Amino acid sequence: MRFVGRRLGFFVLTLWAALTLNFFIPRFMPGSPVTALRVRTHNQLSPEKLQELLTAYGFKPNQNVFVQYIDYLGNMVTGHWGISIGASLGTPVRTLIGQALPWTIGLVGAATIIGFVLGSLLGVVAGWKRGGKIDSVLPPVFVVTSALPYFWVGLLLILVFSVWTNGFLPSDFNYDPDLVPEFSGPFVANVVKHAILPAATIVITSIGAWVLTMRNNMITTIAEDYVRMGRAKGLSNGRIMIHYAARNAMLPNLSGFAMSLGFVISGSILVEYVFNYPGLGYLLYNSVQNTDYPLMQALFMLFTVAVLVALLICDFAIAWLDPRSRAKA
Amino acid sequence: MNRLCRTGGATAAALVLLLGMSACSGSAKKRSSATSGAPVATSSGSTGASTSHKKGGTVTIANVQGQTWPCQFNPFNPAVYQESLGFVYEPLVFVNILRDAQEKPMLAKSFTWGADKKSIVFTIRSGVQWNDGQPFTAKDVAFTFDLMKKFPATDLYSLWTGAGLTSVTASGDKVTMKFNQAAEPYFFYFANEVGIVPQHIFGSGDAAAHPDTWPDKAPVGTGPFMVNPCTANNIQYTANPKYWQAGRPYIQKVEYPAYLDNGPANLDLANGKAQWGSQFIPNIQKFYLDKSSDNQTWSPPTTNVTLYPNNSSSHPTGKLAVRQAIAYALDRSQVAAIGEGGQQPPANQTGIVTPTFNKYFDSSALDSSGYAKQDLDKAKSAMQSAGYSTSNPLKLSVITVTGYTDWDASLAVIKQQLAPIGIDLTVDDLAQQTYNNKLYTGDFDLAYFGESGGPTPYYELRKWLYSKNSAPLGKNASSNFERYNNPAVDDLLNQYPAADDAGQVAIVKKVEAAMLKDIPVIPVTESVDWFQYNTATIGGWPTKEDPYAQPAAFNIPDVGQVLTNIYSTAP
Amino acid sequence: MTALLLDSGTAGAKPSAPTRRRGGGLLRAVLSSKKAMVGLVLFLIFAIFAIAPGWFTSVDDPNKLAFPPSLPPSADHWLGTTALGQDIWAQLVYGTRQSLVIALVAGWFATVLSVIVGVSAAYLGGAADDVLSSITNIFLVLPTFPLIIVLATYAGKGTLSVVLIVLIVTGWSYGANQMRAQALSLRNRDFLESARVRGERRSYIIVVEVLPTMISLIVANFLGAAVYSVLTAAGLQFLGLGDPNSISWGTMLYWSQNQQALQTGSPLWSIAPGLCVALLGASFALINYAFDEISNPALRPVRRRRAKRLHA
């Protein structure tokens, strides 16, 4: 019980810290939603008029900051996230997030899983055939790929597969704009086609870390007694590799994987920016550009909560699987 | 992406920056006293009613918004009205900035000013239907303006507060608007900018309770197109079969994809997937024009990109000699050629945009002033009289916005041009927010900025020079950021609205003289509406020869004129 | 972000049973690793670029619009010119300095901060440990990149110091966690016990006894933080949140994207600075990896004899 309490306490504390930071950082820096909107509307409307308009949408510039802060905390927790006062002036923040969330989860989530599975498999093979050809090539290659800048890989892929091939693979959007979203073969195919390059970018840059850690875990595991015992029992190599070594080597990686799933919804800003993919990352970038406080705040909370929930699940799972860790915590 | 923020300096002319202060004036209109009931064809030129085209075809617009569509179409929400005004909602009268403020009757068949210009009577067009089949009447017009009174947030042009509107009444097919002052200057806003909304929609339910924030997801208007359907990625408009202009629109479908960035938008334009472009294309010759002989561009200038020297005495630019030196030293053609890649024409010190406003342009005054072309000798002697030289250079900084690459390039050229006369210019690239704060509060030596304009040069001149638009240093100015204060110029600007046509031209020329004498601001290049169009499948575009409307898709309500004039050329 | 998280995570997991090691041995071991050598050579090349860019190009002000725009590569302009008329090669050479400074300075201070926080948490224990590790964990979990974007946008002009501060503030927490874990495992070791019995002061014990033992973790941390800083700074500048007047690879990427270099036929403008970021990142990562292998002999690649024995 104490363990659960501690974890939940940490959850609340972190959330509070994140929310507080995100409330005060934009407000104590120059710029306001009014100037942002003034620019967007080509300087055509007077600042007074724009402020009046924004007030109609729930912007309260003159209210005491502390009162605003308390209101804000309450609203965040109760799901009253307000109405966008930025680029999508007038659209409820929940609608905006609801539109973008599936795309991010679909694209980044799928790519993260693919990267993890593929990387772990490669890592298993490399670690098993220690010192073999694969093992001598893979580590340096993946050390390099894991240090590649996300967005640059994206640009490279666009150049090769989109610009040079005259648009063979699309380099932007989540689907062709002349399609109407529906659950049909051609539409799904189109969505997949649009996801290939951004997903490839994420896989290429994330796979290295999984390969390397898995390989290292394998090497450590192979030296364990139970693997030796498997050999002594005369089990087939494949069986030992999968059932004895890989399974155990995978365990420490799972928590990393859970964590990376938590970062799925926030960790893709650059990819979404490069590919103009209308997900949460793009939304955040846009909200910052337009000083859209309500949207920024809700997104930031969502990002934090996602990681915290992933961590919590991971913690509890480990505690459940391994009673020793409970004692340690 | 930042680019899109300033592509349309002149878009819809101006507005309320001037109106914010009580004394706006400005005659939007030239042939105003005439009751105009001219046929539709007059302002649509060669593509007018005389020739008819068969219906059909699709046009795709590439106008970068940097966001997906919120699918809201409330014409009172400036964040979305670009997608509804002109498409779905229409004004009473269209005023064409590019043709000397020529008027084209839209929902009003004609109008008559009262003798003192304190009232105006519109005769409403009969036989017009809302796209849901309800008849459009004078009551809808009165309702629209009354709504703005009840909900000030919808009164985007401050008609009830700034313009002195006191009542709007409908009777039969007439709508009478009364003002407490001569209202002609506001015609451009209330007749041209305000989209008329239906009483039977905006007068009931949620819309009636919050017309300012109501999303208006399925807009009901009188315009040539209807939203059908809107998704986050694309708005598809289909032709309104009940449209009142017989036989129009010719084009039956409009695709308006939500481009998040210039790159993909320009790519689609280059390969013909989109036919109507509205943003800057770098290296346009190679990237766009050379790709196909059907790819065309025409970007008419309507305002200036201007160097604002801080006129207050606490800055070195407060000295007239320093400002004169800068104006002499500039080679605007070079700035236009290198900085803007030849895509914007050079401006001139009178501030009159040529050829758009040629009628007002006093070229002989410009020639005799010596500012017509670069004159380094005069610039150097002006600097000497201010106490500076190349050995004792004046250090100045100029603020600009991060991401406006053409401005950066222009300023780099300007920096090189000012160096030989003893000005050491630092270019200060600022984030948009920081830049705005400094600009509005006057916290700069020099600022680079493009003001919005209007149907005549008066609008931009007034924003630059009218002292009531300014504010003390440290306070936000609504325009006149350079803090120029000349009572004589204020007087001229105050006289303008009451003057007749010839008088207005004369007044503008006097203001030009002040521009040449005081150098309050230094226009550098002429800001254009970026416009690219593809003629492979679509004809009837606005062109230099037939400038029937401002061509870029973000111009409201001009976009409606283009939409009703373009046609498919497919056999 | 994920990649980095895991990278440093494993780096921390392995040296959990550190041995006392002299610096000299470490250096020799690094020099004998092929990966480390590749990394070092890359790093040295960049270092020379950064120190004396004038040796490699005749252009002195690479931001000046001195040439005709959009030239293809030629003998005069090895990588061609930008759409604004700047020499791409010159920008690349001059841009090295800022990227390298960011890597080293941000990496260094982030590491120092993690050592201070991590070791004090472990050594002080009790309430101090609770507070310090809570702060560490909060920073660990905060969505860093969004936070960085917000910070960099509102800190106005993204000068070098703003970027550095942002990177340090967001980059120390992984390290601190590892430092704490390792310092904790050291606490009850004999050699520390004996120092305590000798009556040494705490600060003496930490500086003289504890830190040298942790040197390999600290170096690994520094390298990880450097990679993080290089990549994140480039990403920030690419988004236009840096100082657009500065000369750096990230700023080049920003301008090339702004001018749609890929689409308008000057892809080198985009590809070259990105490649440099990648190579600098790779050089740190390679050194780091080689370092890992050295401090954890089990991971070394060519170990045929032992492998055979295993199979036997």
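Not measured: the values here are computed from a predicted model.

Asker: Whenever I open this one, the overall build of chain C confuses me. Can you help?
Answerer: Of the regular secondary structure elements, chain C holds 14 helices and zero strands. Sequence-ordered secondary structure for chain C, helices as α and strands as β, is α-α-α-α-α-α-α-α-α-α-α-α-α-α. Considering chain C as a whole, with its 312 residues, one finds that 55% of them fall into the buried category. At a minimum sequence separation of 6, the contacts of chain C that also span at least 24 residues come to 73%.

Asker: Would you take a moment to explain the overall build of chain B for this structure?
Answerer: Broken down by element type, chain B carries 18 helices and 20 strands. At 24 Å, chain B has a C-alpha radius of gyration in line with the 25 Å of a compact globule built from 571 residues. With the C-alpha coordinates of chain B rotated into their principal frame, the extents come out at 75 × 55 × 40 Å. A buried classification covers 63% of the 571 residues belonging to chain B. A sequence separation of at least 24 residues applies to 74% of the contacts in chain B between residues at least 6 apart.

Asker: Mind showing me how you'd approach the sheet that holds strand β8 (residues 225–230) of chain B here?
Answerer: Hydrogen bonds along the backbone pair up the strands of a sheet, which may run parallel or antiparallel. Strand order in the open sheet made by the seven strands is β8-β9-β10-β1-β11-β18-β12 (chain B), with mixed pairing throughout. Both outer strands of the open sheet, β8 and β12 (295–297) of chain B, are each paired with one neighbouring strand and no more.

Asker: Could you clarify how one ought to interpret the environment of Thr60(B) in this entry?
Answerer: Among the secondary structure elements, Thr60(B) is positioned in strand β1 (residues 58–62). Beyond its immediate stretch of four places on either side in the chain, Thr60(B) contacts Glu255(B), Pro257(B), Lys273(B), Ala274(B), Gln275(B) and Trp276(B).

Asker: Sorry, what's going on with the sheet that holds strand β7 (residues 174–179) of chain B here?
Answerer: Residues and elements named next belong to chain B. Strand order in the open sheet made by the four strands is β4-β5-β7-β6, with antiparallel pairing throughout. With one partner strand each, in any of the chains shown, β4 (108–113) and β6 (165–171) form the two edges of the open sheet. On average, each strand axis in the sheet is inclined to that of its neighbour by 15°, with strand direction left out of account. Note: strand β5 (residues 119–124) against β7, five bridges, orientation antiparallel. Of the residues in β7, the one forming a bridge with isoleucine 120 is methionine 177. Packing against the sheet, helix α3 (residues 138–150) makes contact with β5, β6 and β7, and its axis sits at approximately 160° to β6.

Asker: What is the right way to look at the nonpolar core in this model?
Answerer: Nonpolar side chains in soluble globular proteins tend to be buried together. Counting 359 residues, the largest nonpolar core has Ala245(A), Ala447(B), Ile149(C) and Val230(C) as the members making the most contacts within it. With near-sequence residues (within four places) excluded, Ala245(A) lies in contact with Trp128(A), Met218(A), Thr221(A), Ile222(A), Val227(A) and Ile240(A).

Asker: Honestly, helix α15 (residues 457–465) of chain B in this entry has me stumped. Any pointers?
Answerer: Residue pairs three or four apart in sequence face the same way in an α-helix, which turns once every 3.6 residues. Of all nine residues making up α15(B), nine are buried, and the element is well covered by its neighbours. For α15(B), every residue scored as buried is listed here: Pro457(B), Tyr458(B), Tyr459(B), Glu460(B), Leu461(B), Arg462(B), Lys463(B), Trp464(B) and Leu465(B).

Asker: In this structure, what is going on with unusual backbone geometry? I would like to understand it.
Answerer: Negative phi is the rule for most residues except glycine; trans is the rule for most peptide bonds. With omega at -10°, the peptide bond leading from Asn228(B) into Pro229(B) counts as cis. Looking at where Pro229(B) falls in the secondary structure, it is placed in strand β8. Pro249(B) follows Arg248(B) through a cis peptide bond whose omega is -5°. Looking at the element boundaries, Pro249(B) is found in the loop between β9 (234–239) and β10 (253–257). The residue Phe173(A) is not glycine, and still its phi comes out positive at about 70°. Phe173(A) gets classed as buried once you count the C-beta atoms within 10 Å, which come to 22. One non-glycine residue, Arg483(B), adopts positive backbone phi at about 65°. By the secondary structure assignment, Arg483(B) is in the loop between α15 and α16 (487–495). Taking the C-beta count within 10 Å as the criterion, Arg483(B) has 22 such neighbours and is therefore assigned buried.

Asker: Is there a simple way to explain the environment of Gly199(C) in this structure?
Answerer: Note on placement: Gly199(C) falls in the loop between α9 (190–198) and α10 (202–213). Residue classification places Gly199(C) among the exposed positions, given that 7 C-beta atoms sit within 10 Å.

Asker: What is the right way to read helix α18 (residues 558–565) of chain B from this model?
Answerer: In terms of burial, α18(B) is a largely internal element, eight of the eight residues being buried. When we look at burial in α18(B), the residues that qualify are Asp558(B), Val559(B), Gly560(B), Gln561(B), Val562(B), Leu563(B), Thr564(B) and Asn565(B).

Asker: Mind showing me how you'd approach the environment of Asn64(A) here?
Answerer: Residue and element names in this part refer to chain A. With respect to the helices and strands, the residue asparagine 64 is situated in the loop between α3 (47–56) and α4 (65–78). On the neighbour-count criterion, asparagine 64 (9 C-beta atoms within 10 Å) is exposed. On a C-alpha basis, the gap between asparagine 64 and leucine 96 in space is 28 Å, while along the polypeptide they are 32 residues apart.

Asker: Would you take a moment to explain the pairing of β1(B) for this structure?
Answerer: Looking along a regular strand, one sees side chains alternate from face to face of the sheet. All names here are of chain B. Taking burial as the measure, the five residues of β1 include four buried ones, the bulk of the element. Pairing geometry for β1 and strand β11 (residues 276–277), over two bridges, is parallel. From the neighbouring strand, isoleucine 61 faces β11, where its bridge partner is tryptophan 276.

Asker: Explain the packing of helix α5 (residues 93–128) of chain A against helix α6 (residues 133–145) of chain A to me, please; I cannot follow it from the model alone.
Answerer: Each pair of packed helices can be described by the angle between their axes along with the distance between the axes. Residue and element names in this part refer to chain A. Running from N to C, α5 and α6 point in directions that differ by 130°, and their axes come no closer than 8 Å. Between α5 and α6, the angle falls in the class oblique. In terms of crossing hand, the pair formed by α5 and α6 is left-handed. Seen from α5, the contacting residues are Leu122, Val125 and Ala126; seen from α6, they are Ile134, Asp135 and Leu138. In terms of residue class, the contact of α5 with α6 is made up of five nonpolar, no polar and one charged.

Asker: For this particular structure, what's the right way to read the confidence of the model for chain C?
Answerer: Predicted coordinates in regions of low pLDDT should not be interpreted in detail. All names here are of chain C. For chain C, the average pLDDT comes to 78, and 83% of its residues sit at 70 or higher. Every residue in residues 1–22 is under pLDDT 50, and counting partners more than four places away or in other chains gives 57 contacts. Across residues 302–312, where pLDDT falls below 50, the model places six contacts with residues more than four positions away in sequence or in other chains. We note a pTM of 0.80 for the whole complex and an ipTM of 0.82 for its interfaces.

Asker: Help me understand the confidence of the model for chain B, please; the structure alone is not making it clear to me.
Answerer: Averaged over chain B, the pLDDT score is 86; the fraction of residues at 70 or greater is 91%. Under a pLDDT of 50 for its full length, residues 1–49 of chain B has, in the predicted model, 176 contacts with residues more than four places off or in other chains.

Rules behind the numbers
- Residues numbered from 1 in each chain as written.
- Chains lettered and ligands numbered in written order.
- Predicted model: local features only at pLDDT ≥ 70, side-chain atom pairs only at ≥ 80, totals over all residues.
- Helix = DSSP H or I, 4+ residues; strand = E, 2+ residues; numbered from the N terminus.
- Buried ≥ 20, exposed ≤ 12 C-beta atoms within 10 Å, placed from the backbone.
- Contact = placed C-beta atoms within 7 Å.
- Rg over C-alpha atoms; globule rule 2.2 N^0.38 Å.
- Pairing = 2+ DSSP bridges.
- Axes fitted to C-alpha atoms, helices over the stretch in contact; angles between N-to-C directions.
- Core = buried A, V, L, I, M, F, W, Y, C linked by C-beta atoms within 7 Å.
- Parallel < 35°, antiparallel > 145°, perpendicular 65-115°, else oblique.
- Left-handed = near helix turned anticlockwise from the far one by under 90°.
- Nonpolar A, V, L, I, M, F, W, Y, C, P; charged D, E, K, R; others polar.
- pLDDT = per-residue confidence, 0-100.

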